[in-house]
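Descriptive analysis of the structure
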Amino acid sequence: MSGDLGCLYGVGLGPGDPELVTVKAARLLGAADVIAYHSARHGRSIARSVALPYLRGDQVEEALIYPVTTETTDHPGGYQGALDDFYADCAVRLAAHLDAGRDVVVLCEGDPLFYGSYMHMHKRLAHRYPTEVVPGVTSISGAAAVLGRPLVERDETLTVLPGTLPADVLAERLAAADSAAVLKLGRTFEKVRAAFAEAGRLDDAWYVERATTGKQRIEPLADVDPESVPYFSLALLPSPLTPFSAKAVADREEQAGDGRRGEVVVVGLGPAGRPWLTPEVQEALARADELIGYGPYLDRVPPNPRQRRHPTDNRVEAERAAHALELAAAGSRVVVVSSGDPGVFAMASAVLEVASEPRFADVEVRVLPGLTAAQAVASRAGAPLGHDFCVLSLSDLLKPWEVVADRITAAARADLVLAIYNPASRSRTWQVAAMRDLLLEHRSPHTPVVIGRDVGGPAESVRVVELADLDPAEIDMRCLLIVGSSTTRLTERGGRPVVYTPRRYPA
């Protein structure tokens with residue numbers, strides 16, 4: 001095929017609104033050498049009127065005027081013979097431009113290959129010239145949009161029928177359809193409406209004429225005057241799963257909103273940003289009406305103007321939980337955020353404790369897990385949690401230090417790896433040294449200790465020191481410590497330390 005040949009474009013223009021012409025179609029309309037369009041003998045072309053805003057004004061126009069539309073003809077081959085000769089002649093006319101290297105755009109309402117007039121040129125020319133078909137919004141999509149009703153939902157099927165089918169065939173297929181669209185109305189309208197009635201679907205059917213244009217008309221199919229129906233109209237049987245208009249559905253949901261059931265979902269954000277979120281937590285955050293949490297954690301959730309945010313201080317967990325439950329009792333979908341996992345030294349237990357009060361008995365509470373800080377730090381270091389381990393908080397705000405010390409000693413005697421949360425704060429600076437000294441009573445001074453700080457964040461650092469060298473001055477609230485057991489090993493790979501605890505314990 002010569003590179004000097006022009007290109008043939010079948011361009012779909014959509015259902016009628018020039019703003020529904022695609023960006024690609026608009027570009028081709030403005031760039032083409034030749035614009036071709038079909039029309040009846042009156043010469044008016046709906047396709048050309050839709051394309052007009054995008055035409056340059058100096059392009060060659062080929063008006064492809066049908067010799068017949070619905071009237072009779074004396075052609076020896078009858079109606080179809082007259083059309084076949086017409087299409088053959090049109091193809092010859094367009095081929096002359098293509099042979100001369102001129103690009104030709106053939107206009108088509110809706111989509112070129114969906115009952116489109118362009119397909120007759122495509123069949124005759126596409127095998128001889130470079131060809132591209134540009135899809136367009138179909139009349140069915142336009143009709144469903146202006147009607148405000150879904151075509152199909154879930155596992156429903158959509159049946160598309162031409163009104164030229166026999167009445168009994170139409171009725172049979174309409175009776176079996178979930179949703180249906182019948183095109184090519186005009187003179188077939190009365191037959192089509194009778195078929196809807198015979199199928200028992202007339203009361204659910206709608207008539208849409210010239211959808212998306214200034215001459216658009218929408219009526220129940222049963223109420224339409226047959227004498228007023230043009231060819232560019234269709235009958236639509238929308239999804240039976242939405243038996244209301246879009247506005248009616250919205251109104252119904254708004255009326256039901258005051259009595260809807262709220263819930264509290266306690267979620268874990270993981271140790272840092274969005275990459276650490278689970279899909280389940282992302283979905284809960286997207287559906288929420290209200291977000292509640294410690295301010296810095298709440299800041300990690302991108303703002304959404306539809307949602308109300310309630311940041312609080314870190315020491316008002318019971319009040320935060322009660323506030324969430326009260327909002328849910330009033331019908332809101334409330335998400336309470338925690339860093340890491342909400343069930344590990346976080347908000348899940350606080351919410352459930354307050355939710356046990358009789359006044360919140362009917363409020364649903366769900367807990368969605370998150371990646372813990374211990375898991376995040378362990379993954380950066382290697383696999384220090386590969387065998388039995390325990391998780392402890394050094395904070396003595398909610399329990400006496402004597403209890404903390406007893407548990408450290410018990411874990412050390414049991415030779416468990418320890419994951420240490422809340423090791424220090426501005427007001428607590430001595431517990432790290434006390435923990436180190438308790439552990440050294442039962443653990444080698446060479447035991448590896450992983451210090452993970454801000455893992456997943458911009459200031460992330462992970463270091464490994466020996467237990468005897470653990471310096472409390474280097475530890476703050478943003479750190480998590482993992483203290484190895486007697487079997488935990490420290491090796492080096494690729495120039496960095498790797499810590500792991502074998503799964504097999506020595507006999």
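Cut-off values and rules
Residues numbered from 1 in each chain as written. Predicted model: local features only at pLDDT ≥ 70, side-chain atom pairs only at ≥ 80, totals over all residues. Heavy atoms only, no water. Pairing = 2+ DSSP bridges. Helix = DSSP H or I, 4+ residues; strand = E, 2+ residues; numbered from the N terminus. Salt bridge = Lys/Arg side-chain N within 4 Å of Asp/Glu carboxyl O. Buried < 20%, exposed > 50% of the residue type's maximum accessible area, 1.4 Å probe, protein only. Phe/Tyr/Trp six-rings, centres within 6.5 Å; stacked < 30°, edge-to-face > 60°. Contact = heavy atoms within 4.5 Å. Axes fitted to C-alpha atoms, helices over the stretch in contact; angles between N-to-C directions. Left-handed = near helix turned anticlockwise from the far one by under 90°. Nonpolar A, V, L, I, M, F, W, Y, C, P; charged D, E, K, R; others polar.

Things to note about the sheet that holds strand β16 (residues 382-383)
Taking strand neighbours across the sheet as the criterion, the three strands line up as β16-β23-β22 in an open arrangement whose pairing is mixed. Of all strands in the sheet, those bounded by a partner on one side alone are β16 and β22 (489-493).

What about the pattern of salt bridges?
For the structure on display, the rule yields 19 salt bridges. Lys24 is paired through a salt bridge with Glu132; the nearest N and O atoms lie 2.2 Å apart. Here the residue Lys24 occupies a position in helix α1 (residues 23-31), and Glu132 occupies one in strand β5 (residues 131-134), the gap between them amounting to 108 residues. The partner of Glu62 in a salt bridge is Arg93, and the shortest N-O contact between them spans 2.7 Å. With Glu62 in strand β3 (residues 60-65) and Arg93 in helix α3 (residues 78-99), this pair connects stretches of sequence that are 31 residues apart. You can call Arg93 partly exposed: its relative accessible area is 26%. Because the salt bridges share partners, they merge into one network encompassing Glu209, Arg210, Arg217 and Glu219.

Some points on the packing of aromatic side chains
Under the counting rule described, the total for this entry stands at nine aromatic pairs. Note on Tyr66 and Tyr87: the rings are 6.3 Å apart at their centroids and 85° apart in plane angle, and the pair reads as edge-to-face. Remark: Tyr87 occurs in helix α3 and Tyr66 occurs in the loop between β3 and α3; sequence separation between them is 21 residues. Both residues of the pair, Tyr66 and Tyr87, count as buried. Arranged with centres 5.5 Å apart and planes meeting at 90°, the rings of Tyr231 and Phe232 form a pair that is edge-to-face. Note on Phe232: relative accessible area 38%, which makes it partly exposed. These aromatic residues form a ring-pair network of at least three members: Tyr66, Phe86 and Tyr87.

Thoughts on the environment of Asp4
By the secondary structure assignment, Asp4 is in the segment before β1 (8-12). With sequence-adjacent residues up to four places away left out, Asp4 is seen in contact with Leu98, Ala100 and Gly101.

Quick word on the packing of helix α11 (residues 317-329) against helix α12 (residues 347-355)
Relative orientation and spacing of two packed helices are given, respectively, by the angle between their axes and the distance between those axes. In the contact formed by α11 and α12, the axes pass within 9 Å of each other and the chain directions differ by 65°. The crossing of α11 and α12 is right-handed. Facing Glu317, Ala318, Arg320, Ala321, Ala322 and Leu325 of α11, the residues of α12 in contact are Met347, Ala350, Val351, Val354 and Ala355. Looking at side-chain class alone, the contact of α11 with α12 contains nine nonpolar, no polar and two charged residues.

Things to note about the side chain of Ser39
With respect to the helices, strands and loops of the structure, Ser39 is situated in strand β2 (residues 34-39). The residues contacting Ser39, other than those within four sequence positions of it, are Arg44, Ser45, Leu64, Ile65 and Tyr66.

Side note on the sheet that holds β1
Strand order across the open sheet formed by five strands is β3-β2-β4-β1-β5, with parallel pairing between neighbours. Edge positions in the sheet fall to β3 and β5, since each has one partner strand and no second. Direction aside, the axes of adjacent strands within the sheet are offset by 20° on average. Where β2 and β3 come together, six bridges link them in parallel fashion. Note that in β3 the partner of Val34 across the bridge is Val60. Along the sheet face, α3 touches β1, β2, β3 and β4 (104-108) and points at about 170° away from the line of β3.

Bear in mind that shape data such as this cannot, by itself, settle questions of function.
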